[in-house]
Amino acid sequence: MIGRPGCGLLQMNGQPSAENTRECGADGDLPGFRNWANDQHVQELAEVWNVDPAHIPHHGPPTHLMQILRYAEQGSIRFLYVSGTNPAVSLPELRRIRSLLSQERLFLVVQDIFLTETAQLADVVLPAATWGEKTGTFTNADRTVHLSEKAVDPPGEARPDLDIFLDYARRLDLRDRDGGPLVPWSDPGGAFEGWKACSRDGPCDYFGLSYEALRGGSGIQWPCTDQKPAGTERLYVDGAFRSAPEDCESYGKDLVTGAPVEPTEYRALNPDGKAVIKAAEYLPAHETPAADYPFHLITGRTIFHFHTRTRNGRAPQLQQAAPDVWVEVSETDALECGWSEGDRLRITTPRGEVEARLRVTGVRRGVLFRPFHYGTGGGLGGTITGLQKSEDDLALALHQLSDRHASDHEIHSPPATSQDGPRSTCAGWPKRATPTDCTSIPSRPIRGRCPPS
Amino acid sequence: MLLLVDLRELHRAAAGVSLDWEMLAQSAQAAEDKDLTVLAADCHPQTLRQLRWTNAQVKELAAQAILAT
């Protein structure tokens, strides 16, 4: 089925151009979809970079972010370099994240285009240029490579990320195995040539691309080679996948535990390089709604904001369209709990709490939804605390920010003392001290039935 | 480092349990005890999965725990 017109797979994700980071190794994987557990792939990369293969860390799977932060928390990582991301708002368990990022023993460098919430915790802030202030390419999730050329100079001391990284590499005096500079190029065009060589013959082959070819049109889809100078519109034609043991980018993981599949296991499982479809039995979430926490809490996006609002929170129209966090409740739950549109609710989970204005929407009964964009500080308002349990989805190495693990998050209704019995009741909520940002609508005690847990 | 010690113990314990299932399954088959055979067939893979997980965790954490302390 797949590989024919009308039968393609295309992911819809929040960061289509994050495709670049997946290809080039910025996610912690090896560049060009090379497999860390395949010595041949590591050897190839070592040749491209002209370094000893042992110099390329490949003794284990890439260390995912939550693991890196745990190391920082425990003190075995003392230097952290954050570029173009805002973990002090985006991650689960924000109190914990902010406290570990604020540690005296951790030297934190943050490189961003704005003074983000994370940058405010940094020891050193490196102001960076944004698109339009630098030249480079973007690749979208459909593999289309675009050239984005510099139009204006960056403001103040801001510099393109590439310039900052190159400066850093020079100061570290990174060398290849002949004593030459490990990073031999010094501008975007040179970096692109370096990436073309690194990606050559791999799944994301850029070798046939050039800035010249990308100029003027609307982009070219990789793989782009001398044989296919116009790129490749469709992958997996005739059911051909790059999943043969010697070719695949990963041997995969156990869906339940996240443990990497061993190379020999993969060879036995998929000697002919077919597509692999995996199944796992249903496992209940680690936490499910109970008397104390009768709701599922899920998070997601709003159309007006992107991630932690670093940019769009500064656009007045978007900011006015959705200025503050809210919580969505189903009509039935709102009726049964005696809540109405605009009420200010305090939502508590075992890990944190947040105050949010109520919106009655079509969300499922027993489920609360809140957008994940709103952090504290930065002049952007909001009173949210990271609520998620920072338990990793081991197979995907995604923290639990989506409804994939919605049942980990519950609304709290303490203390359950009503005559209706604890399972089905929202008891009276103690009145809280009214914070300055919601003086107009003080929180109110809540009486009424909660959905069965 | 303590985590590594715990994982090491866990892996050894799981390896013991895995062998126990092996012995039970062999005996159950020989004795034509269908219930026990089915139980062992159900449970042994879970222990093997736990073993693989502890092994993977040790592999992932060992260098960081040992070199950075």
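Residues numbered from 1 in each chain as written. Chains lettered and ligands numbered in written order. Predicted model: local features only at pLDDT ≥ 70, side-chain atom pairs only at ≥ 80, totals over all residues. Heavy atoms only, no water.

**Q** Is there a simple way to think about the overall build of chain B in this case?
**A** A count of helical and extended segments in chain B gives 2 helices and 0 strands. The globule rule puts the C-alpha radius of gyration for 69 residues at 11 Å, and the 16 Å found for chain B is more than 25% above it. Taking the principal axes of its C-alpha atoms as reference, chain B extends roughly 55 × 15 × 10 Å. Residues counted as buried form 25% of the 69 residues belonging to chain B. In the form shown here, chain B has an accessible surface area of approximately 4800 Å², with 61% of it arising from carbon and sulfur atoms. For chain B, the separation between the mean place of its 6 positive charges and that of its 9 negative charges on side chains is 9 Å. (Helix = DSSP H or I, 4+ residues; strand = E, 2+ residues; numbered from the N terminus. Rg over C-alpha atoms; globule rule 2.2 N^0.38 Å. Buried < 20%, exposed > 50% of the residue type's maximum accessible area, 1.4 Å probe, protein only. Areas by Shrake-Rupley, 256 points an atom, 1.4 Å probe, with all protein chains shown as cover. Lys, Arg positive; Asp, Glu negative; His and termini not counted. Charge placed at Lys NZ, Arg CZ, Asp CG, Glu CD.)

**Q** Which parts of the structure should I look at to understand the overall build of chain A?
**A** Of the regular secondary structure elements, chain A holds 11 helices and 15 strands. Residues classed as buried in chain A amount to 45% of the 453 residues present. Look at the contacts in chain A between residues 6 or more apart in sequence, and 61% of them connect residues 24 or more apart. Taken as a whole, chain A presents about 23200 Å² of accessible surface, with 54% of it coming from carbon and sulfur. (Contact = heavy atoms within 4.5 Å.)

**Q** Explanation requested: the environment of Glu287 of chain A in the structure shown.
**A** Residue and element names in this part refer to chain A. Note on placement: Glu287 falls in the loop between helix H9 (263-269) and strand E7 (296-300). Judged by relative accessible area, which is 18%, Glu287 ranks as buried. Taking the C-alpha atoms as reference, Glu287 lies 21 Å from Ile97; in sequence the two are 190 residues apart.

**Q** Please clarify how the pairing of E7 of chain A should be interpreted in this entry.
**A** Regular strands place side chains that alternate from one sheet face to the opposite one. Residues and elements named next belong to chain A. Counted residue by residue, E7 has 4 buried out of 5 residues, so it is predominantly covered. Pairing geometry for E7 and strand E11 (residues 367-371), over 5 bridges, is parallel. In the strand pairing of E11, Gly300 is matched with Pro371. (Pairing = 2+ DSSP bridges.)

**Q** Honestly, a nonpolar patch on the surface in this entry has me stumped. Any pointers?
**A** Together, Phe79, Phe107, Val124, Tyr168, Leu172 and Leu174 of chain A give the surface a local cluster of nonpolar side chains, amounting to about 480 Å² of exposed area. Looking at the secondary structure, you find Leu174 of chain A in the loop between helix H6 (161-172) and helix H7 (188-199). (Patch = residues over 30% accessible without salt bridge, like charges linked within 9 Å, V, L, I, M, F, W, Y side chains within 5 Å. Salt bridge = Lys/Arg side-chain N within 4 Å of Asp/Glu carboxyl O.)

**Q** Teacher, can you tell me more about helix H2 (residues 34-67) of chain B here?
**A** For an α-helix the count is 3.6 residues per turn, leaving residues at separations of three or four pointing the same way. Over its 34 residues, H2 of chain B runs 50 Å from end to end, which matches the ideal 50 Å to within 8%, given 1.5 Å per residue. The sharpest bend along H2 of chain B comes to roughly 40 degrees, located at Leu61 of chain B. Looking at the buried side of H2 of chain B, the elements it contacts are helix H3 (65-74) of chain A together with helix H1 (2-30) of chain B. Two to three positions downstream of the cap, the backbone nitrogen of Asp35 of chain B sits 3.3 Å from a side-chain oxygen, assigning the N-cap of H2 of chain B to Asp33 of chain B. (Expected span 1.5 Å × (residues − 1). Bend = angle between axes of the 7 residues up to and from the residue. Polar contact = N/O pair within 3.5 Å; in protein donor to acceptor, adjacent residues only side chain to side chain.)

**Q** Would you mind showing me how to read the environment of Ala213 of chain A here?
**A** Residue and element names in this part refer to chain A. Along the chain, the position of Ala213 falls in helix H8 (residues 211-214). Classification of Ala213 by relative accessible area gives partly exposed; the value is 40%. Each C-alpha atom of the pair Ala213 and Leu147 lies 9.4 Å from the other, and the pair is 66 residues apart in sequence.

**Q** How do you make sense of the interface of chain A and chain B when you look at a structure like this?
**A** How big an interface is tends to be stated in terms of accessible area lost as the parts join. Listed by partner, the interface residues are 14 residues for chain A and 11 residues for chain B. For the pair chain A and chain B, the summed buried surface comes to about 1200 Å²; carbon and sulfur atoms form 51% of the total. Our count for the contact surface shared by chain A and chain B stands at 4 salt bridges. For the salt bridge of Lys59 of chain B with Glu262 of chain A, the shortest nitrogen-to-oxygen distance reads 3.6 Å. On inspection of chain A and its partner chain B, the count reaches 2 residue pairs in polar contact (both at pLDDT 80 or more). Looking at side-chain class alone, the side of chain A that touches chain B contains 6 nonpolar, 4 polar and 4 charged residues. (Buried area = accessible area lost by both parts, 1.4 Å probe. Nonpolar A, V, L, I, M, F, W, Y, C, P; charged D, E, K, R; others polar.)

Any functional reading would require information beyond the geometric quantities listed.
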